[in-house]
Amino acid sequence: SFDLRDSLYNIRIQSWFRISSMEIDNFGHLGLHVDYNEDWLRAQDVMAEKQILRIRAGKFLNEIYWEELKNYIHEFQSKGTKIVLMRMPEHRYIRVVNDDIYNIDNKMIELAHSNNIDLIDFPDIMESDIRLFDAVHPDFEGSVVISKTLAKWVYKNRPEWLVPAQ
């Protein structure tokens, strides 16, 4: 069905940023290079508020979600996979709502402890180093910051996981 409000919102988004190019890494992951307009910071808050409406309406992270995640962890561990549970950077508004509605911090702590896996959270890198172009997804440069931060964490905290270069 046609929704004028959503259509106007989508047009408005296009005035805040533009995807300038895309880049695929050696693993098939797509990174988006984004050009930001001068009102993007204000716009990011508007986009976050729109996402919050979806979060409140959806109840995406329900008990079934957490149970399925636990099952995947067990399956991967049974095959020898090393697992790190990482809370991805979030827009500050979305993080507050996610914590309020889904109790994510406590759920992740419980999941990590009950499955003997590491839990890391990098809230400090969000505001200074990462742009979530649509208030949810990092741009290419932000994904590089996340990857490097995670690599540094593994190097410091789990050096036994590193495989020597061939």
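Everything discussed here concerns the structure shown above.
Residues numbered from 1 in each chain as written. Predicted model: local features only at pLDDT ≥ 70, side-chain atom pairs only at ≥ 80, totals over all residues. Heavy atoms only, no water.

### Examining the overall build of the protein chain
Right, so step 1: Secondary structure assignment for the protein chain yields 7 helices and 4 strands.
Right, so step 2: Overall, the protein chain shows an N-to-C arrangement of helices and strands of α-β-β-α-α-β-α-α-β-α-α.
Right, so step 3: Taken over 166 residues, the protein chain has a buried fraction of 34%.
Right, so step 4: Look at the contacts in the protein chain between residues 6 or more apart in sequence, and 64% of them connect residues 24 or more apart.
Right, so step 5: With the model as given, the accessible surface of the protein chain reaches about 11400 Å², and the carbon-plus-sulfur share is 54%. (Helix = DSSP H or I, 4+ residues; strand = E, 2+ residues; numbered from the N terminus. Buried < 20%, exposed > 50% of the residue type's maximum accessible area, 1.4 Å probe, protein only. Contact = heavy atoms within 4.5 Å. Areas by Shrake-Rupley, 256 points an atom, 1.4 Å probe, with all protein chains shown as cover.)

### Things to note about the layout of surface pockets
Right, so step 1: A volume near 1000 Å³ is recorded for the largest pocket.
Right, so step 2: Looking at the largest pocket, it is lined by 33 residues, and the ones nearest its centre are Met 86, Arg 87, Met 88, Pro 89 and Glu 90.
Right, so step 3: Breaking the lining of the largest pocket down by element, the ones donating at least two residues are helix H2 (40-58), helix H3 (63-78), strand S3 (84-87), helix H4 (92-102), helix H5 (104-115) and helix H7 (140-157).
Right, so step 4: Ranked by residue count, the leading element in the lining of the largest pocket is H7, at 5 residues.
Right, so step 5: A class-by-class count of the residues in the lining of the largest pocket yields 23 nonpolar, 6 polar and 4 charged.
Right, so step 6: As for the second largest pocket, its lining consists of 13 residues, and the residues nearest its centre are Asp 25, His 29, Gly 31, Phe 140 and Ser 143.
Right, so step 7: Sorting elements by how many residues they give to the lining of the second largest pocket places H7 first, with 4 residues.
Right, so step 8: For the lining of the second largest pocket, the per-class residue count stands at 6 nonpolar, 4 polar and 3 charged. (1 Å grid on protein atoms, 1.4 Å probe; cavity = no way out; pocket = protein on both sides within 12 Å on 5 of 7 lines; lining within 4 Å. Points joined across faces, edges and corners; volume = space filled by probe spheres on them. Nonpolar A, V, L, I, M, F, W, Y, C, P; charged D, E, K, R; others polar.)

### Notes on H4
It helps to recall that an α-helix has 3.6 residues per turn; residues three or four apart then point in one direction.
Right, so step 1: Taken together, the buried positions of H4 are occupied by Ile 94, Arg 95, Val 97, Asn 98 and Tyr 102.
Right, so step 2: Among the residues trailing H4, Asn 103 stands out with phi positive, at a value near 55°.

### Points about the environment of Ala 43
Right, so step 1: Within the fold, Ala 43 resides in helix H2.
Right, so step 2: You can call Ala 43 buried: its relative accessible area is 0%.
Right, so step 3: For the pair Ala 43 and Trp 16, spaced 27 residues apart in sequence, the C-alpha separation works out to 6.6 Å.

### Here we look at the environment of Trp 40
Right, so step 1: With respect to the element layout, Trp 40 can be found in helix H2.
Right, so step 2: Of the residues examined, Trp 40 reaches a relative accessible area of 2% and is grouped as buried.
Right, so step 3: Residues in contact with Trp 40, not counting those within four places in the same chain, are Trp 16, Phe 17, Met 47, Arg 131, Leu 132 and Phe 133.
Right, so step 4: Within polar-contact distance, the side chain of Trp 40 engages the backbone oxygen of Phe 133 at 3.1 Å. (Polar contact = N/O pair within 3.5 Å; in protein donor to acceptor, adjacent residues only side chain to side chain.)

### Digging into the side chain of Asp 118
Right, so step 1: One can find Asp 118 in strand S4 (residues 118-121).
Right, so step 2: The exposure class assigned to Asp 118 is buried, which follows from its relative accessible area of 16%.
Right, so step 3: Side-chain polar atoms of Asp 118 contact the side chain of Arg 158, separated by 2.7 Å.
Right, so step 4: Each residue touching Asp 118, except ones within four places of it in the same chain, is listed here: Ile 83, Val 84, Leu 85, Trp 153, Arg 158 and Trp 161.

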